[in-house]
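# Residue-level structural notes
Residues per chain are reported as follows:
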Amino acid sequence: MRKILIKNIKGLVQVGENLPLIRKGKEMQELPILENAFLALEDNEVIAYGLMEDWEGITDWRDLEVVDADGRFVLPAFCDSHTHTVFAKSREEEFVDKIHGLGYEEIAAKGGGILNSARKLAEMSEDELLQLAQKRIDKMIACGTGAIEIKSGYGLSVAAELKMLRVIKRLKETNSIAIKATFLGAHAFPLKFKENHQGYIDLIINEMLPVIASENLAEYIDVFCERNYFSLDEMSEILEAGTKYGLIPKVHVNQFSVMGAVSKAIELGALSVDHLEELGDEDVISLQNSNCIPTLLPGCSHFLGIPFGDARRLINANLPVGLASDFNPGSTPNYNLFTIWSLACIKLKMTPEESLNALTINAAFAMGLSETHGKICLGSKAPLILTKEIPSLAYLPYSFGELNVERIFV
Ligand code: NIG
Ligand code: FE
């Protein structure tokens, strides 16, 4: 048995029994921290924690590793509830096109964008995709990510969508952190279905979904509901079909336009609605009548130069906010959630406490991991972050671009 005692912790963050499953509105400012604390782990399971003054000493020193965390904080690892971590190649040539003035939608119209990624992924073997994704996951963990949702959506054919989902399934089996799979066959229409949308939707519903269900390849179903992508009716048809197979909706909505997708997705049981760079009054009302987590992706806004989601409006409406990386080769080539934490503070005007709740408790809820992740409590086995020596918790998002991780317990 591997026993670790972390002592003299400057701040043990997001710690306690019976923490809420979601923090919303003013509660997002709440963040329980034990100062000058200890934490004991047995095979990575939290077996005790408390104040140093209450620590009763060690009775059994055999095989015990003692970590002195003087001046350092311990946090629950972040949950990244929205990523596209499986992809074939980076797309920096589009990045340069963008510098020369082309927009996201213009690049897509040129055959770039999602279809570009799909072409590259079609040629790559399952094993090679797996190796590339694993390297990315290792780097994500080193940056403090302790659970990852991964979407398909760069396949866009029966064979390639299933290939992506099988890669994600293998990643689940071989990684010690929690991984959740989302089927995003409806990410874009492949060229040959440009004039025949129903033909592709039929493929999704009749050819992809039954295999996904029988091989247990996904927990969630996603649709990119947007002009030039999937319409509101197309999204509804696909999500309804997915829910019949037990897949829970978790969708890309309101990135460029408000079209009623938030209300519709919530009506169909969405666990989260993601992007929300644009937000209508009716979207806010639907969210207020639900347990759905509005999830903002400030890395995407920053990289594409599009508006940032209105976190203050959501919080003032007594809603929860979730934050995620949206890590993907097109709109967000960054997986570091410390960067997202900084962007949330700088651009969304969220406080360090609000944004940490959005990356832990609320993000865990948005990926069905509330029971086990996003907090530190007795019995928890989720990964933990030990920071470097830092003056305060707010220093973490303040020192943007700096990685203050000393060690990850996973
Ligand atoms: O979440 N908006 C849709 N999908 C991705 C971008 C995909 C791509 O450009 O490859 C996103 O931003
Ligand atoms: Fe995305």
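Residues numbered from 1 in each chain as written. Chains lettered and ligands numbered in written order. Predicted model: local features only at pLDDT ≥ 70, side-chain atom pairs only at ≥ 80, totals over all residues. Heavy atoms only, no water.

This part is about the overall build of the protein. The helix and strand inventory of the protein stands at 15 helices and 15 strands. A globule of 410 residues ought to have a C-alpha radius of gyration of about 22 Å, and the protein, at 21 Å, matches this closely. Each of the three principal axes of the protein carries a C-alpha extent, and together these read 70 × 45 × 45 Å. For the protein, the proportion of its 410 residues judged to be buried stands at 59%. Considering only contacts in the protein between residues 6 or more positions apart, those separated by 24 or more positions represent 74%. Total accessible area on the protein stands at roughly 16,100 Å², and carbon and sulfur atoms take up 50% of it. (Helix = DSSP H or I, 4+ residues; strand = E, 2+ residues; numbered from the N terminus. Rg over C-alpha atoms; globule rule 2.2 N^0.38 Å. Buried < 20%, exposed > 50% of the residue type's maximum accessible area, 1.4 Å probe, protein only. Contact = heavy atoms within 4.5 Å. Areas by Shrake-Rupley, 256 points an atom, 1.4 Å probe, with all protein chains shown as cover.)

Time to look at the domain arrangement of the protein. Assigned domains within the protein: domain 1 (3–76 + 375–409) and domain 2 (78–365). Centre-to-centre, using C-alpha coordinates, domain 1 lies 30 Å away from domain 2. Contact residues are listed per partner, giving 27 residues for domain 1 and 32 residues for domain 2. Between domain 1 and domain 2 lies a buried interface of about 2,400 Å² when both sides are counted; carbon and sulfur atoms form 70% of it. Among the residues domain 1 hides against domain 2, the three largest losses belong to I22, M28 and P397. Together they make up 26% of the total. (Domains from an automatic or database assignment. Buried area = accessible area lost by both parts, 1.4 Å probe.)

Surveying the vicinity of ligand 1 reveals 16 residues, the closest of which are R91, Y154, H187, Q255 and S331. Here H187 contributes a side-chain N or O atom positioned 2.8 Å from a nitrogen atom of ligand 1. Within the side chain of D326, one N or O atom sits 2.9 Å away from an oxygen atom of ligand 1. Taken by itself ligand 1 offers 330 Å² of open surface, and the protein chains cover 100% of this. Of the residues that constitute the shell around ligand 1, the class distribution is 5 nonpolar, 9 polar and 2 charged. (Near = heavy atom within 4 Å. Polar contact = N/O pair within 3.5 Å; in protein donor to acceptor, adjacent residues only side chain to side chain. Nonpolar A, V, L, I, M, F, W, Y, C, P; charged D, E, K, R; others polar.)

The iron ion (ligand 2) binds to the protein through H82 (NE2), H84 (NE2), H252 (NE2) and D326 (OD); the donor distances cover 2.1 to 2.2 Å. Taken in sequence order, the residues that donate to the iron ion (ligand 2) follow the motif H-x1-H-x167-H-x73-D. With H84 in the loop between β6 (78–80) and α1 (92–99) and H252 in strand β10 (residues 248–253), this pair connects stretches of sequence that are 168 residues apart. In this structure, H84 and H252 share a single accessibility class: buried. (Donors = N, O, S within 2.8 Å, 3.2 Å for Na, K, Ca; no water.)

Right, let's talk about the packing of aromatic side chains for a bit. Under the definition given, this model contains 12 aromatic pairs. Measuring from centroid to centroid gives 4.9 Å for F78 and F338, while their planes differ by 80 degrees, and the two rings are edge-to-face. Of the two residues, F78 sits in strand β6 while F338 sits in helix α12 (residues 337–347), which places them 260 residues apart along the sequence. In terms of burial, F78 and F338 fall into one category: buried. Measuring from centroid to centroid gives 4.1 Å for F189 and F230, while their planes differ by 25 degrees, and the two rings are stacked. One end of the pair, F189, is in the loop between β8 (178–186) and α6 (197–214); the other, F230, is in the loop between β9 (220–223) and α7 (232–244), with 41 residues separating them in the sequence. Like F230, F189 is buried. (Phe/Tyr/Trp six-rings, centres within 6.5 Å; stacked < 30°, edge-to-face > 60°.)

This part is about the pairing of strand β14 (residues 384–387). Along β14, one buried face is formed by L384 and L386 and the opposite face, lined by I385 and T387, is buried too. Bridging between strand β5 (residues 73–76) and β14 involves 3 bridges; their strand directions are antiparallel. Pairing of V74 across the sheet is with L386, part of β14. (Pairing = 2+ DSSP bridges.)

In terms of nonpolar packing, the biggest core is built from 110 residues, with V273, W341 and M350 touching the most fellow members. Once you skip the residues sitting within four places of it in the chain, M350 turns out to touch M28, A311, R312, I315, V321, L323, A344, C345, S355 and A358. Membership of the second largest hydrophobic core comes to 16 residues, among which are I9, L12, A69 and L386. (Core = buried A, V, L, I, M, F, W, Y, C linked by side-chain atoms within 4.5 Å.)

With that settled, consider the sheet that holds strand β12 (residues 293–296). Pairing is parallel across the open sheet formed by 8 strands, whose spatial order is β6-β7-β8-β9-β10-β11-β12-β13. The open sheet terminates on both sides in strands that have one partner only, identified here as β6 and β13 (322–323). Examined bridge by bridge, β8 and β9 share 3 bridges and lie parallel to one another. In the sheet register, A186 faces β9, and the bridge partner there is V223. Lying on the sheet, α6 is in contact with β8 and β9; it crosses β8 at an angle near 150 degrees. (Axes fitted to C-alpha atoms, helices over the stretch in contact; angles between N-to-C directions.)

Within β10, 5 of the 6 residues are buried, which leaves it mostly tucked inside the rest of the structure. Pairing of β9 with β10 involves 2 bridges; the strand directions are parallel. By the bridge assignment, Y220 is partnered in β10 with I248. In the classification by handedness, the crossover that spans β9, the intervening α7 and the parallel β10 is right-handed. The sheet contact formed by β10 and strand β11 (residues 272–275) spans 4 bridges and is parallel. When the sheet's bridge partners are listed, H252 is paired in β11 with D274. What joins β10 to β11 is helix α8 (residues 261–267), and the crossover it makes is right-handed. (Right-handed = clockwise from strand over helix to strand, strands pointing away.)

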